[in-house]
Amino acid sequence: MTEKVTKSKLKLGKIIQKLRKSRGLSQENFAEVLDISRTHIGHIEQGRKSPSIQLLEKVAKVLKVKTKELFS
């Protein structure tokens, strides 16, 4: 079942998407590096899924930002 889209999840997803694109990564490449499916990262970027704390830390590391920057 898909989670409800909330403003906070949507904002987080848009920040991740913007950073991913600015690094020249496709969803497919990004998902591969994170060891998740492309669909899962797509759902996170659309605000349809919440990433785990562990995944957020991995995302920040791959994007070369501090975890807190994903929420600014």
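In what follows, the structure referred to is the one given above.
Given the structure is predicted, the values throughout are model-derived calculations rather than measurements.

### Brief notes about helix H4 (residues 53–63)
- Restricting attention to buried positions, one finds in H4 the residues Leu55, Leu56, Val59, Ala60 and Leu63. Seen end-on, H4 carries its buried residues on one side only, within an arc spanning 140 degrees. Exposed residues lying more than 90 degrees from the buried face of H4 are Ile53, Gln54 and Lys61.
- Its buried side turned inward, H4 meets helix H1 (7–22), helix H2 (27–34) and helix H3 (38–45).
- Note on H4: the residue one or two positions beyond its end, Lys64, has a positive phi of about 60 degrees.

### A closer look at the pattern of salt bridges
- Under the defined criterion, the tally for this structure stands at 1 salt bridge.
- With its nearest N and O atoms 2.6 Å apart, the salt bridge here joins Glu45 to Arg20. Remark: Arg20 occurs in helix H1 and Glu45 occurs in helix H3; sequence separation between them is 25 residues. Neither Glu45 nor Arg20 differs from the other in exposure class; each is buried.

### Points about unusual backbone geometry
- Unusually for a residue other than glycine, Asp35 sits at a positive phi of about 60 degrees.
- Position of Asp35 among the secondary structure elements: in the loop between H2 and H3.
- Unlike most non-glycine residues, Lys64 shows phi in positive territory, near 60 degrees.
- Considering the arrangement of structural elements, one finds Lys64 in the segment after H4.
- A residue is classified by how much of its surface remains accessible, and Lys64, at 72% relative accessible area, is exposed.

### What to know about the nonpolar core
- Grouped together as the largest cluster of nonpolar side chains are 16 residues, with contacts concentrated most on Ile16, Phe30, Ile41, Val59, Leu63 and Leu70.
- Of all the elements in the fold, those that place two or more residues in this core are H1, H2, H3 and H4.
- With 5 residues, H4 is the single largest residue contributor to this core.
- For Val59, the contacting residues outside a window of four places in its chain are Ile16, Phe30, Leu34 and Leu70.

Criteria and cut-off values
Every chain is numbered on its own, with residues counted from 1 as its sequence reads. Local features in this predicted model are restricted to residues whose pLDDT is 70 or higher, and side-chain atom pairs enter the listing and the counts only when it is 80 or higher, whereas totals over whole chains, interfaces and linings include all residues. Excluded from the side-chain calculation are hydrogens and water; included are all heavy atoms of the structure. Per-residue accessibility, obtained with a 1.4 Å probe over protein chains only, is compared with the maximum for each type, and a residue is labelled buried under 20%, exposed over 50%, and partly exposed between these values. A run of H or I in DSSP becomes a helix once it reaches four residues, and a run of E becomes a strand once it reaches two; helices and strands are each numbered from the N terminus. The directions from the helix axis to the C-beta atoms are what the arc is built from. Here a residue-residue contact requires only that any non-hydrogen atoms of the pair lie within 4.5 Å. Here, a salt bridge means any side-chain nitrogen of Lys or Arg that lies within 4 Å of a carboxyl oxygen of Asp or Glu. Here, the term nonpolar core denotes a set of buried Ala, Val, Leu, Ile, Met, Phe, Trp, Tyr and Cys residues that are joined through side-chain atoms within 4.5 Å.

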